[in-house]
Each structure stands twice: as structure tokens, then as C-alpha cells.
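# Fold and geometry: a report
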Amino acid sequence: MRFHSFEHLLNCPECGAKVSLQQDHFQCTNHSCNITYPIYYGVPVFISNKNEVFQQEDFNTPEAPAIFFGNSKNPVINFLRKLRPDVTLNYTSKINYAKIADRLRNIESPRILVIGGSIDGTGMSILKQQLPQQTIMVESDVAQGPNTNIIFDAHHIPFDANTFDLVIVQAVLEHVLDPFQCVKEIERVLNENGIVYAETPFMQQVHGGKYDFHRFTDLGHRRLFRNFEEIDRGLVAGPGSSLAWSLRYFFLSFAFNKTIDRIISYGSSFFVFWLKYFDYLLNHNKGACDGACGLYFIGVKKTGYVLPDHVLLQQYKGYRS
Ligand SMILES: [Zn+2]
């Protein structure tokens, strides 16, 4: 079972009490709570029965919903999808993961929590290659997937305070109902001096169907992490990628049924993907921040630290003031 390396760290997402592993499920040890958490396909499902969005039974399937991976049972469709060029240029994540791996080097057996980690995020393989052997890697999601070793809702992370040395939330916070609550949880489960790595879109259209709720400007994103000292922040992808996204969704707005939508979605990528290469030129410009496609933040938890709002405002990078 892939959860054995961290099962001793788990607790009840509803009440925070310890859980005990029974034959085929976990049980909350707090008698007034007493919720059970099933294990489906070797993956513990730490979804409370009070959760309004997800049911435990949603995960009693070996496959993730196609919306997560875009995979299909039809090999022709999978082949066509591989041919389709990406409209986002992201050369930043790899650089960031290499920096983060450097910082973890001094920790003998680091504990890492990936939220939204059912598959590797862009550039994450760089981090994984450089991790010490004794690393405890918790890869969570609200979907079964090749990496998923636990399922929970990031609004209630089922771990004690001060558990992890690194928490990764890559392209996730736009998909949660309350990103402020999720960041509070991330802060709680991080050790003192623990690192958070977040990538969140800014100028991107709706891409997760109904599970897509938020976008952040550079300062909005920084304020979301105001209880963290900044190590670095910047663009994941720039205005070239934003323009490619915009044109694609302009074309998509002509669709009058799902089939046409799929055809335009596929075909438009070939027309607009080249725009992303402007990002090599534009990402370094100060003005690019206001039109960025996505942003990243790397921060460190220092208890008691809060970035004052008047200092936040001084950190605006663009020319619009
Ligand atoms: Zn409980």
C-alpha cells in the first residue's frame, strides 16, 4: 500500500483526532465523531460524510474522470490529442522546482505534500529526480490517478500541524471553492521554515468545467500568501500564452453544440499556439505582469509574519499606476 509511509501522520479531516487503520478502512478514534474513511483501490479516501461537494463513493472507481487527464478509450482520439500543440508556454516551473530541490537538500527525509498531484505537474519530474531516497511524498487529489496515494479535500487537510517541509499547489487554487481557507490549511500543516510552491492562473478562461472558480492578479496572489515570507514570485506564462488562450476561447464562443465545441477546441490550437513563443521575449518586461497567463509564488512559513497591505501595494510591478 502506497500510504504506509505516511499513515501514522493521518488524522480525521472532520475533527482532527487520530485515526486507526482497520482491515479495509480508517476509523476516527474520537467517539463523538466516529467517521470511517474507506480505502478504494489502495487509496484512502479522507472525505468526510459532511462534505457537500464530494462523496466517498465518488472515488470507488479505478479511473479518474476524463476531465482531469483528457484521456479517452478511443486510441485515435488519444493520438490526435497528442498531436495538438499546447497553447501555454511554461519554461518556468522546471527552474522553480530545481530551486526548491536545492533548498530541500539539507533535510534528511523531507516530507512533501502535493495537492492536486494525481499526475505530475509541469516540471515536477525535475524535483522528483533530486529528492533523497527517504523522502515521504504524499500525492493527494480529488481524483484517482497514477500518482494519487490519498484523496482528501484541500479545505480540510487530514494531517497534524507542522508536518510537511514542502507543500505544492500547482494549478489547483483556481479550482477550490475557498482558496483562502486552503492556504490557511497549507500554512497549518507546514513546518516552521517549510516551503509553499503555488502556481495559479491569471488571464485564463474557464478550463475545469464547473470546477473553476478563481483567478488572481500578481498582488492578489501575493496577498493570498501574506502569512508567508517571499522567496520568489513571478510569471509562469506570459501575455503571448494569454493571447493564445483568449483567441481560442473567442473561437469557442461560436460553438452551438458540444461536437462543434470539440472541433473548434481542437482546430483552434493549431492556429494560435505559436503566439505563446512571444513569452520568451515578453516575460522579462515589467508590463508583462499585468497580462500574465499564470503566476507563481514560492514562500516560507515564519510564524507571526504577516505582509502589511501598504507594503503589498508598494510591490506592484506594472506601469498602470
Ligand atoms: Zn473525527
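What counts, and at which threshold
Residues numbered from 1 in each chain as written. Predicted model: local features only at pLDDT ≥ 70, side-chain atom pairs only at ≥ 80, totals over all residues. Heavy atoms only, no water. Pairing = 2+ DSSP bridges. Helix = DSSP H or I, 4+ residues; strand = E, 2+ residues; numbered from the N terminus. Axes fitted to C-alpha atoms, helices over the stretch in contact; angles between N-to-C directions. Donors = N, O, S within 2.8 Å, 3.2 Å for Na, K, Ca; no water. Tetrahedral: all angles 85-135°; square planar, octahedral: opposite > 155°, others 65-115°. Buried < 20%, exposed > 50% of the residue type's maximum accessible area, 1.4 Å probe, protein only. Polar contact = N/O pair within 3.5 Å; in protein donor to acceptor, adjacent residues only side chain to side chain. Contact = heavy atoms within 4.5 Å. Core = buried A, V, L, I, M, F, W, Y, C linked by side-chain atoms within 4.5 Å. Domains from an automatic or database assignment. UniProt positions renumbered as here; feature names shortened; annotations may be inferred. Phe/Tyr/Trp six-rings, centres within 6.5 Å; stacked < 30°, edge-to-face > 60°. Patch = residues over 30% accessible without salt bridge, like charges linked within 9 Å, V, L, I, M, F, W, Y side chains within 5 Å. Areas by Shrake-Rupley, 256 points an atom, 1.4 Å probe, with all protein chains shown as cover. Salt bridge = Lys/Arg side-chain N within 4 Å of Asp/Glu carboxyl O. Expected span 1.5 Å × (residues − 1).

## Topic: the sheet that holds strand β10 (residues 228–237)
Spatially, 11 strands are ordered β1-β2-β3-β4-β7-β6-β5-β8-β9-β11-β10 in an open sheet, and the strand pairing comes out mixed. Two strands bound the open sheet, and with one partner strand each, they are β1 (19–21) and β10. Here the average twist between neighbouring strands, direction ignored, is 20 degrees. Relative to strand β9 (residues 190–201), strand β8 (residues 164–170) runs parallel, the two sharing six bridges.

## Concerning the coordination of the zinc ion
Summarising the metal site, the zinc ion is bound by the protein donors Cys12 (SG), Cys15 (SG), Cys28 (SG) and Cys33 (SG), whose distances to it range over 2.2 to 2.3 Å. Relative to the metal, the four donor atoms surrounding the zinc ion lie at angles of 97 to 113 degrees, and the coordination shape comes out tetrahedral. Of note, the donors binding the zinc ion are all from one chain and are spaced C-x2-C-x12-C-x4-C. Residue Cys12 is located in the segment before β1, and its partner Cys28 is located in strand β2 (residues 25–28); the two are separated by 16 residues in the primary sequence. Accessibility classification places Cys12 together with Cys28 in one group, the buried group.

## Let's talk about the side chain of Thr148
Secondary-structure assignment places Thr148 in the loop between β6 (136–141) and β7 (150–152). Judged by its relative accessible area of 0%, Thr148 is buried. Here the side chain of Thr148 touches Ala143 through a polar contact of 2.9 Å, landing on its backbone oxygen. In this view, Thr148 contacts Arg2, Val43, Gly117, Ser118, Glu139, Asp141 and Ala143; residues no more than four positions away in its chain are not counted.

## Description of the environment of Lys50
One can find Lys50 in the loop between β4 (43–46) and α1 (66–69). Residue classification places Lys50 among the exposed residues on the basis of a relative accessible area of 59%. The spatial distance from the C-alpha of Lys50 to the C-alpha of Ile35 is 9.8 Å, given a sequence separation of 15 residues.

## Here's the deal with the nonpolar core
Buried together is how nonpolar side chains tend to be arranged in soluble globular proteins. In this structure, Phe6, Leu113, Ile115, Phe159, Ile186 and Phe225 are the most contacted members of the largest nonpolar core, which totals 41 residues. Ranked by residues supplied to this core, first place goes to helix α5 (residues 179–189) with four residues. Mapping this core onto the domain boundaries places at least three of its residues in each of domain 1 (7–62) and domain 2 (67–314).

## Quick notes on the UniProt feature "domain: Methyltransferase type" (unreviewed entry) in the protein
Per the UniProt record, the feature "domain: Methyltransferase type" (unreviewed entry) sits at residues 148–197. End-to-end, the C-alpha atoms of residues 148–197 are 19 Å apart, and along that stretch the chain is 22% helix and 36% strand.

## Examining the packing of aromatic side chains
A full pass over the atoms with the stated rule returns 20 aromatic pairs. Relative to Tyr211, the ring of Phe54 lies with its centre 6.3 Å away and its plane at 20 degrees, an arrangement referred to as stacked. In this pair, Phe54 is assigned in the loop between β4 and α1 and Tyr211 in the loop between β9 and α6 (218–224), connecting sequence segments 157 residues apart. Looking at Phe54, the relative accessible area reads 14%, which means it is buried. Among the aromatic residues, those joined into a cluster by ring pairs are Phe3, Phe26, Tyr37 and Phe46.

## Thoughts on a nonpolar patch on the surface
There is a patch of nonpolar side chains on the surface, built from Val76, Phe79, Leu80, Leu83 and Phe270 and spanning about 480 Å² of accessible area. Of all the elements, helix α2 (residues 75–83) adds the most residues to the nonpolar patch, at four residues. Overall, Phe79 belongs to the exposed group, its relative accessible area being 52%.

## Description of the pairing of strand β3 (residues 36–40)
Most of β3 is tucked away: four of the five residues are buried. Both β3 and β4 contribute to a ladder of two bridges, which runs antiparallel. Bridging across to β4, Ile39 finds its partner in Pro44. What sits between β3 and β4 in their antiparallel hairpin is a turn of two residues, with Tyr41 showing a positive phi close to 55 degrees.

## Regarding the environment of Pro201
Residue placement: Pro201 occurs in strand β9. Once the C-alpha coordinates of Pro201 and Asn162 are considered, the two residues, 39 residues apart in sequence, prove to be 28 Å apart.

## Structural notes on the side chain of Gln204
Position of Gln204 relative to the elements: it lies in the loop between β9 and α6. Exposure remark for Gln204: the relative accessible area of 17% places this residue in the buried category. With residues near it in sequence (within four places) discarded, Gln204 still touches Arg215, Trp245 and Cys293.

## Regarding helix α8 (residues 258–272)
Across its 15 residues, α8 extends 21 Å between first and last C-alpha, which sits within 8% of the 21 Å expected from 1.5 Å per residue. On its buried face, α8 sits against α7 (239–252). Of the residues flanking the start of α8, the one acting as N-cap is Asn257, its side-chain oxygen 3.0 Å from the backbone nitrogen of Thr259.

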